[in-house]
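The lines below spell out each chain.
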Amino acid sequence: MNGQNRADVKIGGRVKIVLKADQRTGKLTEGIVGKILTNSNFHPHGIKVMLTDGQVGRVQEIC
């Protein structure tokens, strides 16, 4: 599942995000959602989240 719909992204769920610094390479970082930062229901580049370890990025995959 991709991470474009806010309803699909749950706090405590395992996701793969792309960090701002990794957007050119597309390198994914896996972690647990701590906070959902995007307010809109849909975002074409992925819902922005903060992982429990403090990293912020856009969801590319929901595990």
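This text goes with the structure placed above it.
Residues numbered from 1 in each chain as written. Predicted model: local features only at pLDDT ≥ 70, side-chain atom pairs only at ≥ 80, totals over all residues. Heavy atoms only, no water.

Colleague: It is not clear to me how the pairing of strand E3 (residues 48-51) should be interpreted in this structure. Could you clarify?
Modeller: The two faces of the sheet receive side chains in turn, since in a regular strand these alternate between them. Burial along E3 is one-sided: Val-49 and Leu-51 are buried, and none of Lys-48 and Met-50, which face the opposite way, are. Both strand E2 (residues 28-36) and E3 contribute to a ladder of three bridges, which runs antiparallel. Bridging from a neighbouring strand, Lys-35 pairs with Met-50 of E3. Summarising the sheet, E3 and strand E4 (residues 56-62) pair through three bridges and their orientation is antiparallel. Considered in E4, the bridge of Lys-48 is made with Arg-58. Where E3 folds back onto E4 in an antiparallel hairpin, the turn is made up of four residues, including Gly-54, whose phi is positive at roughly 95°. (Buried < 20%, exposed > 50% of the residue type's maximum accessible area, 1.4 Å probe, protein only. Helix = DSSP H or I, 4+ residues; strand = E, 2+ residues; numbered from the N terminus. Pairing = 2+ DSSP bridges.)

Colleague: Is there a simple way to explain the nonpolar core in this structure?
Modeller: In a soluble, globular protein the nonpolar side chains are often hidden away together inside. Formed by Val-9, Val-15, Ile-17, Leu-19, Val-33, Ile-36, Ile-47, Val-49, Leu-51, Val-59 and Ile-62, the largest nonpolar core amounts to eleven residues. Sorting the residues of this core by element identifies strand E1 (14-19), E2, E3 and E4 as the ones contributing at least two each. In terms of residue count, E1 provides more of this core than any other element does, three residues in total. With sequence-adjacent residues up to four places away left out, Ile-17 is seen in contact with Lys-27, Leu-28, Thr-29, Val-49, Leu-51, Gln-55, Val-56, Gly-57, Arg-58, Val-59 and Gln-60. (Core = buried A, V, L, I, M, F, W, Y, C linked by side-chain atoms within 4.5 Å. Contact = heavy atoms within 4.5 Å.)

Colleague: Explain a nonpolar patch on the surface to me, please; I cannot follow it from the model alone.
Modeller: Together, Leu-37, Met-50 and Val-56 line one region of the surface with nonpolar side chains, adding up to about 190 Å² of accessible area. In this fold, Val-56 is placed in strand E4. (Patch = residues over 30% accessible without salt bridge, like charges linked within 9 Å, V, L, I, M, F, W, Y side chains within 5 Å. Areas by Shrake-Rupley, 256 points an atom, 1.4 Å probe, with all protein chains shown as cover. Salt bridge = Lys/Arg side-chain N within 4 Å of Asp/Glu carboxyl O.)

Colleague: Explain the pattern of salt bridges here, please?
Modeller: A side chain of one charge can pair with a side chain of the opposite charge when the charged atoms of the two come close. Counted under the stated rule, the structure contains two salt bridges. A salt bridge links Arg-14 to Glu-30, with the nearest nitrogen and oxygen atoms 3.2 Å apart. Within this pair, whereas Arg-14 is found in strand E1, its partner Glu-30 is found in strand E2, the two being separated by 16 residues in sequence. With relative accessibility at 40%, the residue Arg-14 sits in the partly exposed group. Residue Glu-61 is joined to Lys-16 by a salt bridge in which the shortest nitrogen-to-oxygen separation is 4.0 Å.

Colleague: Can you walk me through the pairing of E2 in this structure?
Modeller: Of the pairings in the sheet, the one linking E1 to E2 comprises five bridges and is antiparallel in character. Counted as the bridge partner of Val-15 is Gly-31 from E2.

Keep in mind these numbers describe shape, not what the thing actually does.
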